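Secondary and tertiary structure notes
Now for the letters of each chain:
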Amino acid sequence: MISTTKTSAPLETLSPSVRKFVEENAKLCQPDQVHICDGSEAEGKELIDKQLAAGRLIKLSQYDNCYLARTSKADVARVESKTVICTENPSDAVPTTAPGIKSRLGNWKDPKEMRQLAAELFNGCMKGRTMYVIPFSMGPLGSPLAKIGIQLTDSEYVVSSMRIMTRVGKKVMDILGDGHFVRCLHSVGYPLGPGREDVPWPCNPENLIVSHFPATDEIISFGSGYGGNSLLGKKCFALRIASTIARREGWLAEHMLILGLTSPKGEKKYVAAAFPSQCGKTNLAMIQPSLPGWKAECVGDDIAWLKFDENGVLRAINPEYGFFGVAPGTNHASNPNAMECFKKNTIFTNVAYTSNGGVYWEGLEKEVDLTGLKVTNWLGKDWTPEKAKELGPASHPNARFCAPAGQCPTIDPNWEDPRGVPISAIIFGGRRPATVPLVFESFNWGHGTYIGSTMKSEATSAAEHSGKAVMHDPFAMRPFFGYSFSQYVEHWLGFEGKANLKLPKIFHVNWFRRNENGDFIWPGFSENSRVLEWIFRRCNNEDIAMEHPMGLIPKPNSLNLDGLDRAVVDSIPQLFEANKKELMEEVDELEKFYNEQLPGEGTPQRLSQELAAFRERINKIH
């Protein structure tokens with residue numbers, strides 16, 4: 001009971017609404033003590049020391065203040081099947097599908113049933129543990145675009161990670177006062193008591209739920225300690241709940257990086273880009289351009305909140321304070337800035353570590369000499385490259401680094417500007433092995449919205465899916481919609497008809513097209529700056545585009561290919577080939593997707609019109 005629970009500070013110091021939130025849930029969860037996080041360095045050290053003592057973290061001596069966490073095998077990724085939106089009307093959460101068709105655009109749960117289930121699961125769930133009260137700001141403190149949340153959790157790993165990923169502490173409480181906040185309740189679901197000792201990674205995957213209540217701006221998560229399920233400021237708040245708030249208030253919360261580009265002439269523009277997980281979003285956000293004289297600076301690598309200002313300019317903030325990036329595949333060739341970023345003050349999760357206190361994962365084979373070193377894989381077993389077939393990869397495919405954004409060598413000087421940065425272009429993209437050009441531009445905002453709705457990508461290890469199936473992932477938001485996709489599209493389309501808005505151009509890119517041998521045609525990584533240069537020039541309305549059935553593609557010789565290997569230059573036509581058979585299969589499959597997922601009047605009229613126009617353009621191919 002709260003009356004006998006120890007607290008780190010008197011509850012009277014909390015505002016009435018925060019105090020009520022804490023007291024009600026402390027009474028339900030029954031923790032041994034309640035700790036109100038102040039964000040201090042001393043608090044941070046105490047949390048780390050506690051996890052080290054419990055065997056929950058391993059200190060990585062090769063780096064400065066860096067640690068490794070290893071999760072349970074059953075708790076390694078977002079679990080989309082257990083992630084639900086709770087609304088009175090099911091169609092407000094997920095579009096009504098055709099008869100017999102399962103929705104691919106989210107999961108609905110009755111709010112009364114979910115609250116009843118949560119009350120049962122959370123009853124006594126924090127016995128033997130501490131309830132941490134985390135006041136956090138999504139966005140720069142005091143920014144008109146920022147929002148505040150309060151998370152209650154019984155996981156020190158979550159507190160330490162939230163201290164990196166968000167702005168935490170007393171200043172947040174001071175700004176909040178007794179104002180509105182997003183209520184976030186989390187537990188690993190592993191209470192302690194007589195006969196039940198703690199374990200290195202407590203979780204309760206059999207009873208896992210990640211639930212969202214848009215009507216009351218609440219998140220309730222139980223059973224997982226993994227980032228996407230437990231760091232509730234991230235996908236749960238910054239995308240699912242924020243997207244519903246954005247709809248109410250007239251802005252956008254999107255799964256987008258934000259990147260500043262400066263030309264050799266000193267002209268600077270910002271772009272926002274949406275990619276599904278593990279499609280190179282962080283690599284692009286931290287790109288080192290191969291083109292001489294160009295500079296790229298990172299504002300954010302994952303989430304963007306975008307709002308039109310009083311002059312009609314779309315401005316964006318990164319609501320996060322850190323990077324929660326995928327480690328495997330990250331190296332000095334793919335992302336040298338990330339490699340510098342996580343040399344200090346970083347928490348790694350599910351990577352391998354070496355006997356000299358370093359980290360190791362797939363992608364570092366050419367950079368880390370394992371001679372004479374012992375490697376311990378993410379499961380805690382001795383590992384060698386020769387044992388990979390037997391034991392699997394050294395690191396889990398969804399292993400992560402959690403590092404402060406301010407440590408990025410190319411962090412943009414305006415990344416914490418409370419007004420946000422002005423967006424000139426929005427870019428969509430995904431892993432498409434065929435059909436989709438390297439880059440194309442939409443004809444207008446409505447067509448661009450349609451393009452976002454048609455996004456597909458190969459499945460990734462960031463969620464529980466497996467294999468290489470190409471899945472629909474509209475706007476790269478399929479796992480993150482906080483309300484019905486059809487309503488979401490209408491919200492986007494609504495900006496086209498508003499007066500005095502300077503709508504950014506919309507593009508689509510595809511770094512992942514393959515040739516007949518299954519090899520990537522485009523070199524990617526730093527060479528993607530060549531595509532960004534073309535997008536930059538199109539934002540200045542240069543006459544360097546021509547029509548393709550999918551949109552506007554670069555005119556011949558308008559893409560800067562200087563210095564590229566001859567084999568790549570010779571393959572460029574393949575990257576823009578308009579194969580009539582493939583395109584017709586694409587439009588037929590999109591129509592099937594709309595008919596099944598958004599049947600009848602569920603498909604916004606503009607999408608139907610754009611699909612028909614796309615089919616007509618394909619039919620004109622000889």
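Notes on the structure in this doc start here. These numbers were taken from a predicted model, which means no experiment stands behind them.

Our focus in this paragraph is the overall build of the protein chain. Each helix and strand counted, the protein chain has 16 helices and 32 strands in total. Summarising its shape, the C-alpha atoms of the protein chain cover approximately 80 × 60 × 50 Å along the three principal directions. Within the span of the protein chain, comprising 622 residues, buried residues form 60% of the whole. The long-range share in the protein chain, meaning contacts at least 24 apart out of those at least 6 apart in sequence, stands at 75%. Within the structure as shown, the protein chain displays about 24,300 Å² of accessible surface, and the carbon and sulfur contribution to it stands at 50%. Averaging the locations of the 69 positively and 73 negatively charged side chains of the protein chain gives two centres separated by 1 Å.

So, on to the sheet that holds strand β21 (residues 352–354). Read across the sheet, 4 strands follow the order β22-β21-β23-β24 without closing on themselves; strand pairing throughout is antiparallel. Strands with a single pairing partner mark the edges of an open sheet, and in this sheet they are β22 (359–360) and β24 (382–383). Across 2 bridges, the pairing between strand β23 (residues 375–376) and β24 is antiparallel. Bridge pairing links Thr-376 to Asp-382 in β24.

A few words now on helix α14 (residues 566–575). Among all positions of α14, only Val-568, Ser-571, Ile-572 and Leu-575 are buried. Looking down the long axis of α14, one finds its buried residues gathered within 145 degrees of arc, a one-sided arrangement. Of the exposed residues in α14, those oriented more than 90 degrees away from the buried face are Arg-566, Asp-570 and Pro-573.

Although it is not a glycine, Asn-65 adopts a positive phi angle of roughly 60 degrees. Among the secondary structure elements, Asn-65 is positioned in the loop between β3 (58–59) and β4 (67–69). For Phe-525, which is not glycine, the phi dihedral falls at a positive 50 degrees. Here Phe-525 lies in the loop between β30 (505–509) and α13 (529–539).

One broad rule of soluble globular proteins: the nonpolar side chains tend to lie buried together. Residues Trp-305, Phe-348, Ile-423, Phe-428, Trp-492, Trp-522 and Ile-535 are the most contacted members of the largest nonpolar core, which totals 164 residues. The element contributing the most residues to this core is helix α7 (residues 233–249), with 8 residues. The residues touching Trp-522, leaving out its near neighbours within four places in the chain, are Leu-438, Trp-511, Glu-527, Asn-528, Arg-530, Val-531, Leu-561, Leu-564, Val-568, Ile-572 and Leu-575. Ranked by size, the runner-up nonpolar core spans 31 residues in total, among them Val-18, Val-34, Ile-150 and Phe-222.

Enumeration over the complete set of coordinates arrives at 28 aromatic pairs. Between the aromatic rings of Phe-237 and Trp-305, the centroid separation amounts to 6.2 Å while the plane-to-plane angle is 40 degrees, which identifies the pairing as tilted. Of this pair, Phe-237 sits in helix α7 while Trp-305 sits in strand β17 (residues 304–308), and the two are 68 residues apart along the sequence. Note on accessibility: Phe-237 and Trp-305 belong to one class, buried. Taking the centre distance of 5.8 Å and the plane angle of 20 degrees together, the rings of Tyr-321 and Trp-415 count as stacked. Placement of Tyr-321 in the loop between β18 (314–317) and β19 (322–326) and of Trp-415 in the loop between β25 (400–404) and β26 (421–429) is noted, with a sequence separation of 94 residues between them. Looking at Tyr-321, the relative accessible area reads 31%, which means it is partly exposed. One Lys or Arg, Arg-115, reaches over the ring of Phe-213 and ends 4.2 Å from the middle of that ring. Residue placement shows Arg-183 over the ring face of Phe-21; its charged tip is 5.8 Å from the ring centre.

Turning our eyes to something else, we now look at the pattern of salt bridges. Once the charged atoms of two side chains with opposite charge are near each other, the side chains can pair. Using the criterion set out here, one finds 44 salt bridges in the structure. The shortest N-O distance in the salt bridge between Lys-234 and Asp-302 comes to 2.8 Å. Here the residue Lys-234 occupies a position in helix α7, and Asp-302 occupies one in the loop between β16 (295–300) and β17, the gap between them amounting to 68 residues. Between Lys-234 and Glu-320 there is a salt bridge; the shortest N-O distance is 2.7 Å. Note that Lys-234 is positioned in helix α7 and Glu-320 in the loop between β18 and β19, a separation of 86 residues in sequence. With respect to class, Lys-234 is no different from Glu-320; both count as buried. One network of salt bridges, in which partners are shared, links Lys-50, Arg-56, Arg-129, Glu-156 and Asp-198.

The subject of this paragraph is the state of the cysteines. Taken as a whole and judged by the stated rule, the model has 0 disulfides. Distance from the sulfur of Cys-125, which forms no disulfide, to the nearest cysteine sulfur (Cys-29) is 3.9 Å.

Running from amino to carboxyl end, helix α15 (residues 580–597) crosses helix α16 (residues 605–619) at an angle of 160 degrees, the nearest separation of the two axes being 10 Å. As judged from the angle between their axes, α15 and α16 are roughly antiparallel. For the crossing formed where α15 meets α16, the hand is left-handed. Listed contacts from α16 to Lys-580, Leu-583, Met-584, Glu-586, Val-587, Asp-588, Leu-590, Glu-591 and Tyr-594 of α15 are Leu-607, Leu-611, Phe-614, Arg-615, Ile-618 and Asn-619. Looking at the contact of α15 with α16 residue by residue, the classes come out as 9 nonpolar, 1 polar and 5 charged.

Mapped onto the fold, Lys-344 is located in the loop between α9 (336–341) and β20 (347–349). Along the chain, Lys-344 and Asn-65 lie 279 residues apart, while their C-alpha atoms are 5.5 Å from each other.

Below, the discussion takes up the pairing of strand β32 (residues 551–554). A regular strand places its side chains on the two faces of the sheet in alternate fashion. Relative to β32, strand β31 (residues 545–548) runs antiparallel, the two being bridged by 4 bridges. Bridging across to β32, His-548 finds its partner in Gly-551. Once β31 ends, the chain turns through 2 residues before running back antiparallel as β32.

The subject of this paragraph is the sheet that holds β25. Overall, mixed pairing links the 5 strands, which are arranged β3-β4-β20-β25-β19 in an open sheet. Among the strands making up the open sheet, the edge pair consists of β3 and β19. Note: β20 against β25, 3 bridges, orientation antiparallel. For Phe-348, the partnering residue across the bridge sits in β25 and is Phe-401.

In this fold, Met-471 is placed in strand β29 (residues 470–472). For Met-471, a relative accessible area of 22% translates into the label partly exposed. Spatially, the C-alpha atom of Met-471 lies 19 Å from that of Thr-603, the residues being 132 residues apart in sequence.

What counts, and where the lines are drawn
Residues numbered from 1 in each chain as written. Predicted model: local features only at pLDDT ≥ 70, side-chain atom pairs only at ≥ 80, totals over all residues. Heavy atoms only, no water. Helix = DSSP H or I, 4+ residues; strand = E, 2+ residues; numbered from the N terminus. Buried < 20%, exposed > 50% of the residue type's maximum accessible area, 1.4 Å probe, protein only. Contact = heavy atoms within 4.5 Å. Areas by Shrake-Rupley, 256 points an atom, 1.4 Å probe, with all protein chains shown as cover. Lys, Arg positive; Asp, Glu negative; His and termini not counted. Charge placed at Lys NZ, Arg CZ, Asp CG, Glu CD. Pairing = 2+ DSSP bridges. Arc of directions from axis to C-beta. Core = buried A, V, L, I, M, F, W, Y, C linked by side-chain atoms within 4.5 Å. Phe/Tyr/Trp six-rings, centres within 6.5 Å; stacked < 30°, edge-to-face > 60°. Lys NZ or Arg CZ within 6 Å of the ring centre and 35° of its normal. Salt bridge = Lys/Arg side-chain N within 4 Å of Asp/Glu carboxyl O. Disulfide = S-S within 2.5 Å. Axes fitted to C-alpha atoms, helices over the stretch in contact; angles between N-to-C directions. Parallel < 35°, antiparallel > 145°, perpendicular 65-115°, else oblique. Left-handed = near helix turned anticlockwise from the far one by under 90°. Nonpolar A, V, L, I, M, F, W, Y, C, P; charged D, E, K, R; others polar.

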